[in-house]
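# Survey of secondary and tertiary structure
Residue strings, one per chain:
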Amino acid sequence: MTVDKRPASGNLATAPASASGTSGFRIGLDLGGTKCAGALFDRDCNEIVRQRVPTPRGDYPGTLQAIAGLVASLQEHAPQPAGTVGMGMPGIIDPQTGLVKNCNATWIQGKPFDADLEAVLGLPVRVANDGNCFAIAEALYGAAKGAKVVFGATLGTSCGGGVVVDGKLVVGRHGIGGEWGHSPMPGGNPDDHQGLQCFCGKMDCIERYLSGYALEREYEELSGRAVQARDLPDLLAAGDAVAEQVMTRYEDRLGRALAAIANIIDPDAIVLGGGVSNIERLYTNVLPVMARHVFFDSLSTPIVKARHGDAGGVLGAALLWQEQD
């Protein structure tokens, strides 16, 4: 288990007493395909300790027990036991059935994950899509703090998102609010719509063109060489012609995909997270593309980089109790 003890990062939030259960301390968790990260926060949401454990892939009971062990370890650092747990995961809880849906961690698909977690932990648990956790962290205490309408887009292994209005997540009737990654890639370029099948079963989803994997796939197709998405900034700086071509296409696609969001919710801020968000040219090159496709002639929507980085998921999960009360 990796432990990162770090000093308090400032007064981020004060939870209402009703959101704190029997203690002002709270735990946020982020379930990923290879690891589960967690952090303990005090009543003002200052991070006390952060830990992570391997995710037992393919093993649902083992995943529940790994999370229970992580929570127990985090509790050891709390002067009083944490009263609530929030969990971000790569899927949703279907509000009609109470079962996990649309999850690429397939071993928890179709399971009553939140109910089972509560039973194992003996604590109140709230579970949300990891894109929503990212969005609420950045909207309340991150790069979009103070903005009324926020769209958070995660550009990493997958492509997710979340919508926050007046400090509240917009989850929707079916729990899929903000799931732009599984909308069809907007048209406008002959390089798009290659007949790419997504894990969700649909064709040409945005995720298939805007994830880190999409960058890697396209670079290899054009050059015959395999690279990782994190290598793109160095290749661009070295004047690599293929990297430039790949990024120009990517920026065009991202601008068109975000223009569709702008035409629907007209956000006051768009926050980018995930590994691809570290490519700095996105923050100057994407807005002009968006402007060509929105129903407004002087677009000024700020596109900003996430403040909390990989830490946003656990913070947002912990904030699920504040945001919903």
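Please refer to the structure placed before this passage.
Residues numbered from 1 in each chain as written. Predicted model: local features only at pLDDT ≥ 70, side-chain atom pairs only at ≥ 80, totals over all residues. Heavy atoms only, no water.

A full pass over the atoms with the stated rule returns 12 salt bridges. Arg 253 is paired through a salt bridge with Glu 218; the nearest N and O atoms lie 2.7 Å apart. Taken together, the residues span a long stretch of sequence, with Arg 253 in helix H7 (residues 241-265) and Glu 218 in helix H5 (residues 212-223) at a distance of 35 residues. Overall, the relative accessible area of 2% leaves Arg 253 in the buried class. Note that Arg 256 is salt-bridged to Asp 252, the shortest N-O span being 2.8 Å. Placement of the pair is Arg 256 and Asp 252 together in helix H7, with a separation of 4 residues, close to one helical turn. Each of Glu 218, Arg 249 and Arg 253 takes part in a single network of salt bridges with overlapping partners. (Salt bridge = Lys/Arg side-chain N within 4 Å of Asp/Glu carboxyl O. Helix = DSSP H or I, 4+ residues; strand = E, 2+ residues; numbered from the N terminus. Buried < 20%, exposed > 50% of the residue type's maximum accessible area, 1.4 Å probe, protein only.)

Take the packing of helix H1 (residues 60-75) against helix H2 (residues 113-121) next. At a minimum axis distance of 10 Å, the contact between H1 and H2 shows a crossing angle of 50°. Considering their axes alone, H1 and H2 lie oblique with respect to each other. In terms of crossing hand, the pair formed by H1 and H2 is right-handed. Here Tyr 60, Leu 64, Gln 65, Ile 67, Ala 68 and Val 71 of H1 come into contact with H2, specifically with Phe 113, Asp 116, Leu 117, Val 120 and Leu 121. Within the contact of H1 with H2, the residues separate by chemical class into 9 nonpolar, 1 polar and 1 charged. (Axes fitted to C-alpha atoms, helices over the stretch in contact; angles between N-to-C directions. Parallel < 35°, antiparallel > 145°, perpendicular 65-115°, else oblique. Left-handed = near helix turned anticlockwise from the far one by under 90°. Contact = heavy atoms within 4.5 Å. Nonpolar A, V, L, I, M, F, W, Y, C, P; charged D, E, K, R; others polar.)

This part takes up the nonpolar core. Trp 180, Leu 254 and Leu 282 are the most contacted members of the largest nonpolar core, which totals 39 residues. Within the residue set of this core, elements represented by two or more residues are strand S9 (149-155), strand S10 (159-165), helix H4 (207-210), H5, helix H6 (232-237), H7, strand S12 (269-273) and helix H8 (282-291). For this core, the element with the most residues is H7, which contributes 11 residues. (Core = buried A, V, L, I, M, F, W, Y, C linked by side-chain atoms within 4.5 Å.)

What follows is about the packing of H7 against H8. Two numbers describe how H7 lies on H8: the axes approach to 8 Å, and their chain directions differ by 55°. Viewed along their axes, H7 and H8 adopt a mutual orientation that is oblique. Once H7 is placed against H8, the crossing between them reads as right-handed. Note on element contacts: H8 touches H7 through Leu 282, Asn 285, Val 286, Val 289 and Met 290, opposite Met 247, Tyr 250, Glu 251, Asp 252, Leu 254, Gly 255, Arg 256, Leu 258, Ala 259 and Ala 262. In terms of residue class, the contact of H7 with H8 is built from 10 nonpolar, 2 polar and 3 charged.

Without other data, these values stay purely geometric and don't point to any function.
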